[in-house]
Each structure stands twice: as C-alpha cells, then as structure tokens.
Amino acid sequence: MSFGKMNTFIEIIKAEPIKDAEGFITEGEHIITSIRAYKEDRHGSEAWKNRASFSTATSLFRFRKIPDINITTELFIVCSDERYNILSVEDVKEKGMYIEVLAEKVSGSKGGGYGKDNL
C-alpha cells in the first residue's frame, strides 16, 4: 500500500447538540477537519476476507494522524456527498503517523445529501 495515493478529500464530523435562540436543543454537526485520505471500497480481496469481524464495513480510509485530534467511533466521515459511520480506528504499525479507519456507508434516509452544502 502506497501512502502517496491519498487523493480523496474527506471531512471528519462530530454530531453535537446546538441550542437555538429560543433555548431548544437540536442535533447539529461540527466539521472537525478536512483532510486528504486513501479510500478503498470493499471487494473480494484476501485483505477484506481477513476483516470478517467487521463484516458491515464497506470502506477503509487511511490518513495522516492529526495532532491533538482523537479519532473515535463517535465521529463520522463525509466523502463525495456520502456519509460513513466509523466502526474501527487503528494506528498503522503503531508508529503514530497514519490512522486506518474501517467505516460503514450510511444508506437510505439517513445517508443522503450530507455534503458540504447540507451541513
């Protein structure tokens, strides 16, 4: 795997409550960061067969570790107007340089239209 293939732009987003002017709390979204990443969709390769414990994962994302930002399963990724729930986060080779995320694409009424224009 070549890390020089990080040519997909993604946004890492956190859902958090927002209080409006009248004091009502609604669910809002906050963009934590916009970065370039390597994206690999699920296919029948041997590597994806070995990820059987995450059978719901539809995509893999790899990107550089961002200082002072902790990537967790509470966050989600928006890529090409598609939304992905983070299932697993791993430090690649435990060197603190790259993060690998297994994510599940959200489909149906939850997943449509989560691009920059709709946040």
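How each quantity is defined
- Residues numbered from 1 in each chain as written.
- Predicted model: local features only at pLDDT ≥ 70, side-chain atom pairs only at ≥ 80, totals over all residues.
- Heavy atoms only, no water.
- Helix = DSSP H or I, 4+ residues; strand = E, 2+ residues; numbered from the N terminus.
- Buried < 20%, exposed > 50% of the residue type's maximum accessible area, 1.4 Å probe, protein only.
- Contact = heavy atoms within 4.5 Å.
- Areas by Shrake-Rupley, 256 points an atom, 1.4 Å probe, with all protein chains shown as cover.
- Phe/Tyr/Trp six-rings, centres within 6.5 Å; stacked < 30°, edge-to-face > 60°.
- Lys NZ or Arg CZ within 6 Å of the ring centre and 35° of its normal.

**Things to note about the overall build of the chain**
Turning to step 1, where the next piece is worked out: Along the chain, the regular secondary structure elements total one helix and six strands.
Turning to step 2, where the next piece is worked out: In sequence order, the chain lays out its α and β elements as β-β-α-β-β-β-β.
Turning to step 3, where the next piece is worked out: In the chain, which comprises 119 residues, the share counted as buried stands at 35%.
Turning to step 4, where the next piece is worked out: Taking contacts inside the chain between residues at least 6 apart in sequence as the whole, the part at least 24 apart equals 52%.
Turning to step 5, where the next piece is worked out: Put simply, the chain shows about 7,600 Å² of open surface, and 47% of that area lies on carbon and sulfur atoms.

**Things to note about the side chain of threonine 33**
Turning to step 1, where the next piece is worked out: Relative to the helices and strands, threonine 33 is located in strand 2 (residues 25-41).
Turning to step 2, where the next piece is worked out: For threonine 33, the residues in contact, after removing those within four places along its chain, are Ile10, Glu11, Ile12, Ile66 and Ile69.

**A word on unusual backbone geometry**
Turning to step 1, where the next piece is worked out: The phi torsion at aspartate 68 lies on the positive side, around 65 degrees, for a residue other than glycine.
Turning to step 2, where the next piece is worked out: Within the secondary structure, aspartate 68 sits in the loop between strand 3 (59-64) and strand 4 (76-79).
Turning to step 3, where the next piece is worked out: The backbone of serine 80 sits at a positive phi, close to 50 degrees, despite the residue not being glycine.
Turning to step 4, where the next piece is worked out: With respect to the secondary-structure elements, serine 80 resides in the loop between strand 4 and strand 5 (82-91).
Turning to step 5, where the next piece is worked out: Taking relative accessible area as the criterion, serine 80 reaches 59% and is therefore assigned exposed.

**Quick notes on the packing of aromatic side chains**
Turning to step 1, where the next piece is worked out: Tallied over the full model, the rule gives one aromatic pair.
Turning to step 2, where the next piece is worked out: Here phenylalanine 61 and tyrosine 84 contribute two aromatic rings whose centre-to-centre distance is 5.2 Å and whose plane-to-plane angle is 75 degrees, an arrangement assigned as edge-to-face. Within this pair, whereas phenylalanine 61 is found in strand 3, its partner tyrosine 84 is found in strand 5, the two being separated by 23 residues in sequence.
Turning to step 3, where the next piece is worked out: Take phenylalanine 61: its relative accessible area is 0%, and that puts it in the buried class.
Turning to step 4, where the next piece is worked out: When its relative accessible area of 1% is taken as the criterion, tyrosine 84 is described as buried.
Turning to step 5, where the next piece is worked out: For arginine 83, the ring lying beneath its charged end belongs to phenylalanine 76, and the centroid distance is 3.6 Å.

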